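Listed below, chain by chain, are the residues.
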Amino acid sequence: FFRIFDKSGKELLITVDLEDDDIKYPLDYPNDFFVSDKYVYYVRFRTGKGSSVMQIDLATKKTKEIRKFPIYINIVGVKGNNIYYNIDTGPVESHYSPDLKVFNVSTKKDTHIASNAAYVVLGKTRLFYMNRDQIEIIKPLYSVTYDYKKHKLISNTVLDYEIIDSKIYYVKGNQMKLPEGRIAGNANYEKLYVCNEDGSGKKALTGVIHG
């Protein structure tokens, strides 16, 4: 069950019960629900049949399918009428290479934001994502304006990040050169940094933390 309450936390508005929703495989159950003042969004996935973006109207309690995909997708955020999602563009199933896209519910327009982009967080003025690399646990962290035109590198060796009160807090690893010549991030020597959403005002909050 997924229960939605009003903002006071006292009035139960709706209970989403998927027990009788033709779910045959445990992995087909939705992992995430996104709630606005009017709607609930989630992904209805069926193994071998693709994905559907579902919308529940909180006023009428009615559910409808608003977008269908032939493969697996997952919603990463909802802002107004915009649904942000990852869709796999990898050449084989074992290589997950997610495109980051946005679908506008009103205009039905689909916009590509970035390739190989995941770990998405919606900020007040910008959207943030990390480049998804199959090898490295430390990855580049980027921001992009909500017109999706101005991408900016915040840091190229980030282990994790979070937005708190319009500030970006991120764990930065040191760079190191591997024997084959590739530059990688060293996760054993990290510092905690903070900066503004536009990447300005970077400041180290700690010294080196081992591991």
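One structure accompanies this document, and this report is about it. (Residues numbered from 1 in each chain as written. Predicted model: local features only at pLDDT ≥ 70, side-chain atom pairs only at ≥ 80, totals over all residues. Heavy atoms only, no water.)

### A short note on the sheet that holds strand S5 (residues 50-57)
Turning to step 1, where the next piece is worked out: An order of S3-S4-S5-S6 is seen for the four strands of this open sheet, with the pairing classed as antiparallel. Of all strands in the sheet, those bounded by a partner on one side alone are strand S3 (34-35) and strand S6 (63-69). (Pairing = 2+ DSSP bridges. Helix = DSSP H or I, 4+ residues; strand = E, 2+ residues; numbered from the N terminus.)

### Overview of the pattern of salt bridges
Turning to step 1, where the next piece is worked out: Enumeration over the complete set of coordinates arrives at two salt bridges.
Turning to step 2, where the next piece is worked out: Asp37 is the partner of Lys7 in a salt bridge, and the nearest nitrogen-oxygen pair spans 3.4 Å. With Lys7 in the loop between strand S1 (2-5) and strand S2 (12-16) and Asp37 in the loop between S3 and strand S4 (39-46), this pair connects stretches of sequence that are 30 residues apart. Judged on exposure class, the residue Lys7 and its partner Asp37 are both exposed.
Turning to step 3, where the next piece is worked out: We note a salt bridge from Asp110 to Arg67, for which the minimum N-O separation is 3.4 Å. You can see Asp110 sitting in strand S10 (residues 110-114) and its partner Arg67 sitting in strand S6, a full 43 residues away along the chain. (Salt bridge = Lys/Arg side-chain N within 4 Å of Asp/Glu carboxyl O. Buried < 20%, exposed > 50% of the residue type's maximum accessible area, 1.4 Å probe, protein only.)

### Topic: the pairing of strand S13 (residues 139-145)
Turning to step 1, where the next piece is worked out: In terms of residue burial, S13 counts as a mostly covered element, since six of its seven residues are buried.
Turning to step 2, where the next piece is worked out: By the bridge criterion, five bridges tie strand S12 (residues 126-131) to S13 in an arrangement that is antiparallel. Bridge assignment links Leu127 to a residue of S13, and that residue is Val144.
Turning to step 3, where the next piece is worked out: Pairing of S13 with strand S14 (residues 151-164), which is carried by five bridges, proceeds in the antiparallel orientation. By the bridge assignment for S14, Val144 is matched with His151.
Turning to step 4, where the next piece is worked out: What sits between the antiparallel neighbours S13 and S14 is a turn of five residues, in which Tyr148 has the positive phi angle 65 degrees.

### Quick word on the environment of Asn131
Turning to step 1, where the next piece is worked out: With respect to the helices and strands, Asn131 occurs in strand S12.
Turning to step 2, where the next piece is worked out: Under the relative-accessibility criterion, Asn131 is labelled partly exposed at 23%.
Turning to step 3, where the next piece is worked out: Along the backbone, Asn131 and Pro98 are 33 residues apart, and their C-alpha atoms lie at a distance of 9.6 Å.
Turning to step 4, where the next piece is worked out: Other than its neighbours up to four places away in sequence, Asn131 contacts Ser115, Asn116, Lys139, Pro140 and Tyr142. (Contact = heavy atoms within 4.5 Å.)

### Here's the deal with the side chain of Thr157
Turning to step 1, where the next piece is worked out: Take Thr157: it is sitting in strand S14.
Turning to step 2, where the next piece is worked out: Thr157 sits in the buried class, given a relative accessible area of 3%.
Turning to step 3, where the next piece is worked out: A polar atom in the side chain of Thr157 sits 2.7 Å from the backbone oxygen of Gly173. (Polar contact = N/O pair within 3.5 Å; in protein donor to acceptor, adjacent residues only side chain to side chain.)

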